[in-house]
Amino acid sequence: MKQFKTIFRFELGNYFKNKVFVGTTIVLMILLAVIMFFPRISGLIKSGSEEKSQKELLLASEDPALTQTAQAAFEKAFPDYQITVTDADEADIRSKVDDGTADCGFLLQDAQNYTYFVKNLSMYDANIEIADRILGGIAEMKAMTENGLSPEQAGSILATDVSHTVETTGKDQSQNFFYTYIMIFALYMVILLYGQMVSTSVATEKSSRAMELLVTSADPVKMMFGKVLAACLAGLVQLLCIFGTAFLLFNITRNDWADNQIVTSIFDIPLHLLLYMLVFFILGFLIYAFLYGAVGSTVSKLEDINTAIMPITFLFIIAFIVVMTALGSGDVDTPPMMVCSFIPFTSPMAMFTRIAMSTVPSWQIGISIAILAVSVFGTGVLAARIYRVGVLLYGTAPKPGEVLRMIWRGQ
Amino acid sequence: MKLELKDLYKSFGEHQVLNGISLTAESGAAVGLLGRNGAGKTTTIRILMNVFPADSGEILLDGRPIDHKAVKIGYLPEERGLYPKKVIADQLLYFAELKGMRRADARASIDYWLERLGMSKYRNKRLDALSKGNQQKIQLVTALAHDPDILILDEPFSGLDPVNAELLKDVVRDQMKKGKIILFSSHQMNYIEEFCSEIAILNGGHIVLSGNLREIRRRMAGNELLVRSAMQKEILEFYGDRASLTEDAAIRITLNDAGDRRREMQLLTAKWDINEVRIFEPSLNDIFVQNTRDQI
């Protein structure tokens, strides 16, 4: 036990004394501080200067009556834009939009046809839908007044308000999406980064031949566990520093973010989800770190490490893609996700996503965690055996089959 | 203390590495472990250090199976290596603690050895800032800091300049005086001859020759005499084909029969003015080459 403590302390010290590690953490914390204080800072700058940042929308039509109705409706529907009515022709509008004098332009041929001019069509550009609705409304209004209704009557028909309330019995995905996304991403980054650090650390000891002395001084199993657990703790501390800073600063600047739904939803993460996150983070981290450590022990040269860890990295990336696709589609209970949430190498991300975004029966969560925990233990034992054999092998890296055969023979 | 390796066998897969290695080492004496590359020296050392078990055979310390938790072993591996990017004092402390030392004791011992080897000023430097010879001295501290009962030195002199080699010789002599068991592996035969009263030569996982070095040399002496004399020319002429001049200007005379050695020596001293005449004993180098030329 004393030996394990010595190894654990030494390995942990390696992280906390590492200038890059400490530097990156601090830079990230500063970056977060800048982001969190951004609304306040930009608010200060804005209040000092004249407000002249409204975008310009050109509106042109050959029918003056249509122009007039449309202008009123456009002004209401595009509050972010300054609506400029123009009698410019098509080429004129095109050139104005192209050189940036105007941000976009609508040329109405008649009430049912128009051309939309925009320089770069953004993925999230909803202007067409809005314009469609406005013109549709104008057409309906016109049809109704032509058929004998007074404009007031037609207006009140069109302005019928439908009110609704939503009762969510499970999870509100629009609320949970962003923090789930961030958590999964953090999990992905941390496991990938630290996993590689673990295997590089093992391979460095081997290539610098410090291993010759280590294996004769300490039990390889303790070395492996000391290394992996130290990396896990270092990762947790780093995450805690970063998310802790963000959370703290959010509480200070909470008022500035009041009208930003995404940001407030991120920080409204319920406690039980944080606990699940912690469980899946630790177990997921360990299972991959053990694998990375074992693989690191089979290479003799540092330059071989990238090729050697590729299969594990691929496995992890595939899991990430499956989860991210499901998360993006909004349906996280698809058959692949169900399967993935029980496979130990994918369950940390898959099951966490399902818990956060959908309603998962507790027995499923229990089974998933149990399978994962048992697998972590099994992987740990296997990794320690591979490590024991691997650290003494120099020369060309052995094939996986060979390594298993050696372990089987107990060498 | 007496360390005995008895009939060690070890194979890796199909490859049989050790075929019944037996050797004995006692307190205060160094045993030279010799063998060509791949003869099984490192495997023997690793089994002794409990890195992996032997397939069969046993290791006894004072007649009882060795208890690796109780006995302290210091090891200077042939493949040198520590953490190049770490501060020297930190890593020395780490290795000493891994071997079970308390932190304060480890610190004191490391300070002593750094001082003794003239390395104190590098205490807080990174290892890769040191020259090769100095790195080797740091490595030596890892082998000695925990005051081991058994000291295994694999090619301890390679890469050391003559001054540092002297320093290391002093250290080794000290350890012998303190009654440590020392296993000494090297291809530099002069160092083995200087330190080791006992040798064991490995070839293909077998011990092909072992025992007291002086006795071995005496036993292997044949029908040759070594003569030094001012009357070199006359002696060479007298013996004709049977005499030759060695590199260090002595005359080597081959007799027809080893039994004639005493009579021939008397004859030589009677006939010429002789400075030195003795039975020619092969050097350790000759013995080594003779026993390991054909790799088994």
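Residues numbered from 1 in each chain as written. Chains lettered and ligands numbered in written order. Predicted model: local features only at pLDDT ≥ 70, side-chain atom pairs only at ≥ 80, totals over all residues. Heavy atoms only, no water.

Caption draft 1: Geometry of the side chain of Glu4 of chain B. Residues and elements named next belong to chain B. One can find Glu4 in strand E1 (residues 2-12). It turns out Glu4 is buried and unbridged, and the closest side chain with the opposite charge, Lys6, is 4.1 Å from it. What Glu4 contacts, discounting residues up to four positions off in sequence, is Leu23, Thr24, Glu58, Ile59, Leu60 and Gly63. (Helix = DSSP H or I, 4+ residues; strand = E, 2+ residues; numbered from the N terminus. Buried < 20%, exposed > 50% of the residue type's maximum accessible area, 1.4 Å probe, protein only. Lys, Arg positive; Asp, Glu negative; His and termini not counted. Salt bridge = Lys/Arg side-chain N within 4 Å of Asp/Glu carboxyl O. Contact = heavy atoms within 4.5 Å.)

Caption draft 2: Here's a closer look at the sheet that holds strand E10 (residues 206-212) of chain B. Residue and element names in this part refer to chain B. Taking strand neighbours across the sheet as the criterion, the 6 strands line up as E6-E7-E8-E3-E9-E10 in an open arrangement whose pairing is mixed. Each edge of the open sheet is held by one strand with a lone partner, namely strand E6 (73-76) and E10. The mean angle between the axes of side-by-side strands here comes to 15 degrees, regardless of whether they run parallel or antiparallel. Pairing analysis gives 6 bridges linking strand E9 (residues 196-203) to E10, with the strands arranged antiparallel. Pairing of Ile201 across the sheet is with Leu209, part of E10. (Pairing = 2+ DSSP bridges. Axes fitted to C-alpha atoms, helices over the stretch in contact; angles between N-to-C directions.)

Caption draft 3: How the structure looks around the interface of chain B and chain A. Contact with chain B, which involves 27 residues of that partner, is made by 24 residues of chain A. On inspection of chain B and its partner chain A, the count reaches 4 salt bridges. Between Arg209 of chain A and Glu79 of chain B there is a salt bridge, with the nearest N and O atoms lying 3.5 Å from each other. At the boundary of chain B and chain A, one finds 7 residue pairs in polar contact (both at pLDDT 80 or more). Going through the elements one at a time, E1, helix H2 (88-98) and helix H4 (132-144) of chain B are the ones with two or more residues in the side of chain B that touches chain A. Element by element, the count of residues in the side of chain B that touches chain A is highest for H2 of chain B, at 5 residues. Here the side of chain B that touches chain A is built from residues that sort into 13 nonpolar, 6 polar and 8 charged. (Polar contact = N/O pair within 3.5 Å; in protein donor to acceptor, adjacent residues only side chain to side chain. Nonpolar A, V, L, I, M, F, W, Y, C, P; charged D, E, K, R; others polar.)

Caption draft 4: Fine view of the packing of aromatic side chains. Residues and elements named next belong to chain A. Here the structure, examined in full by the defined rule, presents 37 aromatic pairs over all chains. Seen in terms of ring centroids, Phe78 and Tyr81 are 5.7 Å apart; in terms of plane orientation they differ by 90 degrees. Their pairing is edge-to-face. The class of Phe78 is buried, set by a relative accessible area of 3%. We classify Tyr81 as buried; its relative accessible area is 14%. (Phe/Tyr/Trp six-rings, centres within 6.5 Å; stacked < 30°, edge-to-face > 60°.)

Caption draft 5: Quick look at the packing of helix H9 (residues 220-252) of chain A against helix H11 (residues 271-296) of chain A. All names here are of chain A. For the pair H9 and H11, interaxial distance at closest approach is 10 Å and the crossing angle is 140 degrees. Judged on the interaxial angle alone, H11 and H9 are oblique. Considering the relative orientation of H9 and H11, their crossing is right-handed. Of H11, the residues touching H9 (which contributes Met224, Phe225, Val228, Leu229, Ala231, Cys232, Gly235, Leu236 and Leu239) are Leu278, Phe281, Ile282, Phe285, Leu286, Ala289, Phe290, Gly293 and Ala294. (Parallel < 35°, antiparallel > 145°, perpendicular 65-115°, else oblique. Left-handed = near helix turned anticlockwise from the far one by under 90°.)

Caption draft 6: Quick peek at the pairing of strand E11 (residues 224-229) of chain B. All names here are of chain B. For E11, a buried count of 5 out of 6 residues is recorded, marking the element as mostly surrounded by other parts of the structure. Looking at chain direction, E11 and strand E13 (residues 251-254) are connected through 4 bridges and run antiparallel. Paired with Leu226 across the strands is Arg252, a residue of E13. In the sheet, E11 pairs with strand E14 (residues 274-279) via 5 bridges, with the strands oriented antiparallel. The residue of E14 that forms the bridge with Leu226 is Arg278.

Caption draft 7: The side chain of Thr67 of chain A, seen in detail. Structurally, Thr67 of chain A can be placed in helix H3 (residues 64-77). Excluding anything up to four places from it in sequence, Thr67 of chain A contacts Leu59, Ser61 and Val85 of chain A.

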